[in-house]
Amino acid sequence: LGQTFQVTSQEATKLSLAFSRPPLPSAEDCRKLSDDVQNAILAVATVYYWLPKGQGTTLRKMVRDATTEVVEGMIQLTDTILNAPMESLSQEQLISTGGVWEACEQVSNLPRDNQAAVVSALAACLGVVKDAVEEMEHALVEGQDPYGDIMEDEELGFRGNRDTYWSEADRQLLSSCMGLMKASKACLKKVLAAVKAHGKAESPEQIAQLDDLADIANEISPSVDELALSMYPPVNPLAVRLNAAKLASVLKKVLEIAKTSHVCPPSEDSWVQFLTGAVDHNMNKVKNFTQDQL
């Protein structure tokens, strides 16, 4: 894959240089250039298809994304050349050529097996969830107006409009929701550490277990986002309860899948139990705060 990406990068350079200044290449040269570009792209696609599915869907998806980026980059460069006037090398052509180079260089950062791919996927999820938790913590600072960074407009009305503030009851409910969001962060952190320490991609069973973990972990971030959005005023307690229940369900699934997989030997049991308890505790508090709304 590295070799095919390197050849594609070189072909992009040749193509761009050939159309960087007058005179235009001859018809024969154009045919040779286009054949070389096409062969390079076909080689990239072929090598991707050689990667057995049994090596892991998480790994395969990352390789596919990198391959797609190279192909799309070359399409964009070709389009730019076809549509650009020939007086001089355009800024757009320079950017498109650089885009192909950058896409081709990504091959050095690709994971080499499914364990490394799942580590990368979990780390990306953790980063997104961390940001969401920090943003909500910042908004919930005592007395702070969650819409303070938005100018007054006709829809929101005056800044004194109570729909732009949290009541004391809202804050009690939201503290339990924050507990769930923090449990999401802790859950991803612990699963990531377990995959780094114990994850293997040697047998089909291990590879499949890693994929299952990555798939369910991918559901955490959207669930955290949905809960966070429903926490902004005016708060609808039932919507908050529904989104909290969705997140709690996803977290319990993650912990269950982790516990029954090879990444969680008996030494990892304590944090699985602790986080399961934390999810249940915060979800029960959300239920108690919203019981009278049912």
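What counts, and where the lines are drawn
- Along each chain, numbering runs from 1 in the same order as the chain's sequence is written.
- With the structure being a predicted model, the display of local features is reserved for residues of pLDDT at least 70 and the display and counting of side-chain atom pairs for 80 or more, all residues being used for whole-chain, interface and lining totals.
- Side-chain descriptors were evaluated using all non-hydrogen atoms of the structure, hydrogens and water having been removed beforehand.
- Residues qualify for a patch when their relative accessible area is over 30% and they have no salt bridge, like charges being joined within 9 Å and the nonpolar side chains of Val, Leu, Ile, Met, Phe, Trp and Tyr within 5 Å.
- For accessible areas, the Shrake-Rupley method is used with a probe of radius 1.4 Å. Any residue's cover is judged against the shown protein chains and nothing else.
- The salt bridge criterion pairs a side-chain nitrogen of Lys or Arg with a carboxyl oxygen of Asp or Glu, the two atoms within 4 Å.
- For the purpose of counting charges, residues Lys and Arg are taken to be positive, whereas Asp and Glu are taken to be negative. His and the chain ends are not included.
- Positions of charges follow a simple convention, taking NZ of Lys, CZ of Arg, CG of Asp or CD of Glu.
- Labels follow the DSSP assignment, with helices taken as runs of H or I lasting at least four residues and strands as runs of E lasting at least two, numbered in each case from the N terminus.
- Working definition: a disulfide is two cysteine sulfur atoms within 2.5 Å of each other.
- What marks off one domain from the next here is an automatic or database domain assignment.
- It only takes one pair of heavy atoms within 4.5 Å for two residues to be counted as in contact.
- Put simply, buried area is how much 1.4 Å-probe accessible surface two parts lose in total, over both of them, once they are put together.
- Two N or O atoms form a polar contact when they lie within 3.5 Å of each other; inside protein one atom must be a possible hydrogen donor and the other a possible acceptor, and for residues adjacent in sequence the pair counts only when both atoms belong to side chains.
- Charged means Asp, Glu, Lys or Arg here, nonpolar means Ala, Val, Leu, Ile, Met, Phe, Trp, Tyr, Cys or Pro, and polar covers whatever is left, Gly included.

1. Brief notes about a negative patch on the surface
No. 1: Residues Glu69, Glu72, Glu102 and Glu105 make up a contiguous surface patch of negative charge.
No. 2: Taken together, the elements giving at least two residues each to the negative patch come down to helix H3 (57–83) and helix H4 (91–105).
No. 3: By secondary structure assignment, the location of Glu102 is in helix H4.

2. As for the state of the cysteines
No. 1: According to the stated counting rule, one finds 0 disulfides in the structure shown.
No. 2: Note on Cys177: no disulfide assigned, nearest cysteine sulfur contributed by Cys187 at a separation of 17 Å.

3. Quick word on the domain arrangement of the chain
No. 1: The domains assigned to the chain are domain 1 (1–109) and domain 2 (114–293).
No. 2: Counting residues at the interface gives 7 residues for domain 1 and 8 residues for domain 2.
No. 3: Between domain 1 and domain 2 the total buried area reaches about 550 Å² when both faces are included, carbon and sulfur atoms providing 56% of it.
No. 4: Applying the counting rule to domain 1 against domain 2 returns 0 salt bridges.
No. 5: One can count 3 residue pairs in polar contact (both at pLDDT 80 or more) joining domain 1 with domain 2.
No. 6: Residue composition of the side of domain 1 that touches domain 2, by class: 2 nonpolar, 5 polar and no charged.

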